[in-house]
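# Secondary and tertiary structure notes
Here's the letter readout for the chains.
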Amino acid sequence: MHKRVGGAGIWGLGRYLPERVLTNAELERMVETNDEWIVSRTGIRERRIAAGDQTTTDLALPASRQAMERAGVTPEDLDLIIFCTNNPDTVIPAAGPVLQGKLGATRAGAFDLVAGCSGYIYGLSVASQFAASRTYLTILVVGADMLSRVVDWQDRTTCVLFGDGAGAAVVRPVPDGRGILSFRLACDGTKAGEIIVPAGGASRPATHGTVDAREHYLRMNGREVFRFAVTACEKVAREVLDAAAVSAEDVALFVPHQANLRIIENSARRLGIGMDRVMVNVDRYGNSSAATIPVALAEAEEQGRLKQGDLVLLVGFGAGLTYAGMVIRW
Ligand code: ACO
């Protein structure tokens, strides 16, 4: 647990969602499913899917430029780029350096951070340490994923859930008592097999056999992840609220990972946070993995739901199984 980091916060937010909308009605024509099942089990009505010639860094680029413009920083100002993703353009190299090149951020170091759908909270936490210690002053934290390229479009239990997207934030020093007040990074690695792409990594390099067996696609034990998520979200939220010496009643906006409306509602109810104080866009974008939290934050700001001094609670969970929480004074 990291208590009261202080001194580091978000200066500017950006987001980019691909134009192509994939509706539940279209999915009904692709796999054995229906709109009623998808909406009642997940709350998802449509999701965005990247164009065939777009890559993960292509989604990240406009989101990053928007965040930098809103923060008033130029590519040359960037000291570091942390690219949170589960699906970089290529296995080697990482997406961070590719984005650095596209941005022309010549001074910036860059690396990828892989922590499932919790990745963005992990990334903000790492950035906050560099900014709070004044090691690096201007850090771009990107959350971008393109799970449409790794889901099995013949598997109705997963393909209805995910979408593509990108969000970004510029993290810089802020006056004490503002910005990131607390965070917790957690995981249960014994559940690593619950969300997995079995082949294509070092343990099972891609072969004709793995491709024929569709092992290069994402597999998920949805029921187990659901069970894990509802307890993990509540636990980590209470930990970061305690660490920041605030309560759930003080939270102006709860921004959970957007995976499933039932998990979001369940977490909010357990914490005693009314849905009027919860950011929800899973109905329009589905689960865009590491992108959901920065996209939701950027939308909340555009909707005037983030005001200076507001207390914001972030919670995420995902492959690993990882989970994480953060409290920010806006
Ligand atoms: N359409 C119609 N029926 C379906 C579909 C579908 N798309 N998918 C599954 N079903 C069927 C199942 O086959 C099952 O049928 P059966 O009872 O005859 O076997 C029935 O619906 C119920 O299936 P469950 O898996 O029990 O459904 P559940 O209510 O658990 O909902 C879901 C499934 C939506 C996947 C849920 O478990 C969930 O959201 N889990 C969490 C997943 C998640 O949030 N992952 C995020 C992390 S991802 C990351 O980090 C990359």
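Provided above is the structure to which this section pertains.
An account of the accompanying structure is given in this report. None of the values given here were measured: they were computed from a predicted structure. Residues take numbers from 1 onward in each chain, read along the sequence in its written order. Reporting of local features is limited, given that this is a predicted model, to residues whose pLDDT is at least 70; pairs of side-chain atoms are given and counted only at 80 or more, and all residues count toward the totals for whole chains, interfaces and linings. Here the side-chain values reflect all heavy atoms present in the structure, with hydrogen atoms and water set aside.

### Notes on unusual backbone geometry
Here is the rule we go by: To qualify as a helix, a DSSP run of H or I must reach at least 4 residues; to qualify as a strand, a run of E must reach at least 2; elements of each kind are numbered from the N terminus.
Cis geometry is found at the peptide bond from I92 to P93, where omega equals 0 degrees. With respect to the secondary-structure elements, P93 resides in the loop between β4 (80–84) and α4 (95–103). Of the consecutive residues G320 and L321, the connecting peptide bond is found in the cis state with omega at -10 degrees. Counting through the fold element by element, L321 comes out in the loop between β12 (311–318) and β13 (322–329).

### Regarding the sheet that holds strand β11 (residues 253–256)
This is how the line gets drawn: Strand pairing requires that DSSP identify at least two bridges connecting the strands. A fitted line through C-alpha atoms serves as each axis, taken over the contacting stretch for helices, and the angle formed by two N-to-C directions is quoted from 0 to 180°.
Taken in spatial order, the four strands of this open sheet run β8-β13-β12-β11, and their pairing is mixed. Strands with a single pairing partner mark the edges of an open sheet, and in this sheet they are β8 (179–187) and β11. The average undirected angle you get between the axes of adjacent strands in this sheet is 10 degrees. With four bridges connecting them, β11 and β12 associate as parallel partners. Bridge pairing in β12 places V255 opposite L314.

### Some thoughts on the packing of helix α3 (residues 56–71) against α4
Note the cut-off: Throughout this description, any angle smaller than 35 degrees is read as roughly parallel, any larger than 145 degrees as roughly antiparallel, any in the 65 to 115 degree range as roughly perpendicular, and the remainder as oblique. Each helix crossing is assigned a hand: it is left-handed if the near helix lies turned anticlockwise from the far helix by less than a right angle, otherwise right-handed if that turn is clockwise. Any two residues whose heavy atoms approach within 4.5 Å at even a single point are treated as in contact. Three classes are used: nonpolar for Ala, Val, Leu, Ile, Met, Phe, Trp, Tyr, Cys and Pro, charged for Asp, Glu, Lys and Arg, and polar for all others, with Gly counted as polar.
Remark: α3 packs on α4, axes separated minimally by 10 Å, with the N-to-C direction vectors making an angle of 60 degrees. When the axis of α3 is compared with that of α4, the two are oblique. Crossing geometry of α3 relative to α4 is assigned as right-handed. Between α3 and α4, the contacting residues are T57, D58, A60, L61, S64, R65 and M68 on the first element and A95, V98, L99, K102 and L103 on the second. Residue composition of the contact of α3 with α4, by class: seven nonpolar, two polar and three charged.

### Things to note about the layout of surface pockets
Heads up, the condition is: Method remark: on a 1 Å grid restricted to protein atoms, a set of points is classed as a cavity if a 1.4 Å probe fits but cannot get out and as a pocket if it is open with protein on both sides within 12 Å along at least five of seven lines; lining residues have an atom within 4 Å of a point. Grid points are joined across faces, edges and corners, and a volume is the space filled by probe spheres set on the points.
Looking at the second largest pocket, its volume works out to about 230 Å³. Lining the second largest pocket we find 14 residues, and of these I10, W11, V174, R178 and W330 sit closest to its centre. Sorting the residues of the lining of the second largest pocket by element identifies β1 (8–16) and β13 as the ones contributing at least two each. Top contributing element to the lining of the second largest pocket by residue count: β1, with five residues. For the lining of the second largest pocket, the residue count by class is seven nonpolar, four polar and three charged.

### Quick word on the environment of G201
Under the convention used in this document: Each residue is placed in one exposure class: buried if its accessible area under a 1.4 Å probe, protein chains only, is under 20% of its type's maximum, exposed if it is over 50%, and partly exposed if it falls in between.
Mapped onto the fold, G201 is located in the loop between β9 (195–196) and α7 (208–212). According to the relative accessible area criterion, G201 is partly exposed, its value standing at 40%. Once the C-alpha coordinates of G201 and H216 are considered, the two residues, 15 residues apart in sequence, prove to be 9.2 Å apart.

### Here's the deal with the pairing of strand β6 (residues 139–146)
Within a regular beta strand, the side chains point alternately toward one face of the sheet and then the other, so they alternate between its two faces. Across the eight residues that make up β6, a large majority, eight, are buried. Burial along β6 is two-sided: the residues I139, V141, G143 and D145 and L140, V142, A144 and M146 are all buried. Examined bridge by bridge, β6 and strand β7 (residues 164–173) share eight bridges and lie antiparallel to one another. Residue pairing across strands places G143 opposite G167, the latter belonging to β7.

### Some thoughts on the pattern of salt bridges
Convention followed: Whenever a carboxyl oxygen of Asp or Glu lies within 4 Å of a side-chain nitrogen of Lys or Arg, that contact is scored as a salt bridge.
This structure, assessed with the given rule, holds 15 salt bridges. Across the pair D79 and R107 runs a salt bridge, and its minimum N-O distance is 2.5 Å. Taken as a pair, D79 in the loop between α3 and β4 and R107 in the loop between α4 and β5 (109–113) lie far apart in primary sequence, 28 residues in all. The exposure class assigned to D79 is buried, which follows from its relative accessible area of 11%. Where R284 meets E299, a salt bridge forms, and the shortest distance between an N and an O atom there is 2.8 Å. Remark: E299 occurs in helix α11 (residues 292–302) and R284 occurs in helix α10 (residues 282–285); sequence separation between them is 15 residues.

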